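Close look at the chain arrangement
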Amino acid sequence: MARQKEVFNGVEWKIRVADGSSETLVPEAGLASRLWLGVKNMIGGLVLKVWRFLEKAWDLGVDDPRKVIHCLKVGIALTVVSLFYYTRPLYEGVGGNAMWAIMTVVVVFENTVGATIAKCLNRVFGTLLAGFLALGVHWIASQSGEKLEPLIAGASLFLLASAATFSRFIPTVKARFDYGALIFILTFSLVTVSGYRVDKLFNMAHQRISTIVIGTSLCILVSMLIRPIWAGKDLYNLIIRNMDKLANSIDGSVAEYFNRSGGLTDCEEEAQKVFLGYKCVLNTKATEESMANFARWEPAHGRFNFRHPWKQYLKVGAAVRRCAYCIEALNACINSENQAPEFIKKLLGNTCLRVSSNSSSVVKELAKIIKTMKKSSTIDLLVEEMNAAVKELKDDLKSLSLSEAGTSENKRTEKISSKPAAAIPLMGMISMASFASFQIEIASRIESIVEAVEELANLAEFEHPEKNKQNQANIKVAANEQNDEETKV
């Protein structure tokens, strides 16, 4: 049954349904109302997306202020180089090719000093080489007559462009000179093709090379003088962070494994998150290689000399990743459905914890060596302690026989299970033996990290601890002698 009820500006219709309640009938909106509602929702959604984007941009700038500084540096470089276009004397001095300087700043200015220098030098030398070759080809072609001139220019363009493109597939060229090869192809093509119709080719090439040199020089100066970001220092810090994460993951993974069943140790709540830090180590290979490549272009800065062995950092990072892969296998043991029984964990738990503690101590000491750039006098002792703990773990594995495990487990499971008693200890022994063997493998791979760090210390000429102590002793003796002389006076 329907009834009508007058409201403020219209009629409200209601119907009574079967259960006795009533429902209001809402009239369908018109076309204009639906369009307005759609436009309103679209604008609201767009504003919401823009607001979320601004929030993410703000968080990005807060997390890494260096990105904001880089943006400001690019703006400064573009503003300065644009003066060659706005100022009449400078504009006439470069012959109207000031736009090439602006384009150079846009394409070569990178986040780090090494990347900027690499692209600038590649652009300058690629442009110079291509320009000289193109001028030589143009001179030869112009001396050959009108009929042979386009043939010589086209053949040289085909051969040199093909050879330069093929060189970009060579790994060593691609790693360091890929951008230079690209600029060579571009410049040689432009000069060769335009030289067929342009009379004053030498003047045009001279002006473009001059503007490119101006743009690259400005980029290098701004990048190095205003809050420089060094690729070598970033690589140095990345290796140290990865080694610290690896050490924490070694401790955390073993603690997590034994805490699953009630615990041999009382671990903090954050331990479950700490031991997952190794996953960040596994994904840094490309970043390390890129940083090492750019670091070789950088001048001496801070504690890093011009010939600093950046390649050795890649060897250290590779050794750290090989160790992190074993921790990935330990994580698989932790999450496995077939866990070792409690009594087997108690037999090997203390030894496994000792191995993990000694292993992480070695890795932390290696990170300290790189961080302080000083050789350690205790690293050999820590490695010996780690090897002694590994030997003890191997002996415990040999002494743990399957029959003894089956006898002990039989007393525990005989009353609560109808399955064969020996099946549980067998799976437990396999799980525990796998976990222990991965720990032994981690210790052996840590020794490769030790060798890589020691080689880095020798190549970079890290300060020897005995020399440091001797210098401190000499300073103290000199200070005491000076005090004695002052007291006598």
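Just so we're clear, the structure is a prediction, and the values are computed from it rather than from any experiment. Starting from 1, residues in each chain are numbered consecutively following that chain's sequence as written. Given that this is a predicted model, residues contribute local features only at a pLDDT of at least 70 and side-chain atom pairs are listed and counted only at 80 or more, while totals for whole chains, interfaces and linings are drawn from all residues. Only heavy atoms go into the side-chain values, all of them from the structure, while hydrogens and water stay out.

A separate point is the packing of aromatic side chains. By convention, a stacked pair of Phe, Tyr or Trp rings (six-membered ring in the case of Trp) has centres within 6.5 Å and planes under 30 degrees apart, an edge-to-face pair has planes over 60 apart, and any other such pair is tilted. Scanning the entire structure with this criterion turns up five aromatic pairs. Between Y236 and F304, the ring centres sit 5.3 Å apart and the planes meet at 70 degrees, which makes this aromatic pair edge-to-face. On the criterion of sequence distance, the pair formed by Y236 in helix 10 (residues 231–259) and F304 in the loop between helix 13 (285–295) and helix 14 (310–334) is long-range, its members being 68 residues apart. Pair check on accessibility: Y236 and F304 agree, each one buried. Taken together, the aromatic side chains of Y236, F304, W310 and Y313 make up a single cluster linked through ring pairs. Two limits define a charge over a ring: the Lys NZ or Arg CZ must be within 6 Å of the ring centre, and within 35 degrees of the ring normal. Across from the ring centre of Y179, 4.6 Å away, lies the NZ or CZ of K119, which sits over that ring. By the criteria applied, helices consist of DSSP H or I runs no shorter than four residues and strands consist of E runs no shorter than two, each listed in order from the N terminus. For each residue, the accessible area found with a 1.4 Å probe, counting protein chains only, is set against the maximum for its type, and the residue is called buried under 20%, exposed over 50%, and partly exposed in between.

What follows is about the packing of helix 1 (residues 31–63) against helix 2 (residues 65–81). The axes are straight lines fitted to the C-alpha atoms, using for helices just the contacting stretch, and the angles between their N-to-C directions are given from 0 to 180°. The interhelical angle for the contact between helix 1 and helix 2, taken along N-to-C directions, is 100 degrees, at an axis separation of 4 Å. The angle between the axes of helix 1 and helix 2 places the two elements in the roughly perpendicular class. The residues of helix 2 that touch helix 1, namely those facing L60, G61, V62 and D63, are P65, K67 and V68. Taken together, the residues that form the contact of helix 1 with helix 2 break down as four nonpolar, one polar and two charged. Every angle not falling under 35 degrees, over 145, or within 65 to 115 is termed oblique; those three ranges are roughly parallel, roughly antiparallel and roughly perpendicular. A contact between two residues is defined here by any heavy atoms of the two lying within 4.5 Å. For this classification, the nonpolar set comprises Ala, Val, Leu, Ile, Met, Phe, Trp, Tyr, Cys and Pro, the charged set comprises Asp, Glu, Lys and Arg, and every other residue, Gly included, is treated as polar.

This brings us to the nonpolar core. Among the nonpolar cores identified, the biggest contains 65 residues, and M243, Y313 and I370 are the most heavily contacted of them. If you list the elements that add at least two residues to this core, you get helix 10, helix 12 (278–282), helix 13, helix 14, helix 15 (342–372), helix 16 (379–399) and helix 18 (423–459). The leading source of residues in this core is helix 18, at 14 residues. Ignoring any residue separated from it by four or fewer positions in sequence, one finds I370 in contact with Y236, I239, I240, M243, Y313, V316, V453, L456 and F462. Within the second largest apolar cluster, 21 residues are counted, among which are A77, I220, W230 and W297. Throughout this description, the term nonpolar core refers to a set of buried Ala, Val, Leu, Ile, Met, Phe, Trp, Tyr and Cys residues connected via side-chain atoms within 4.5 Å.

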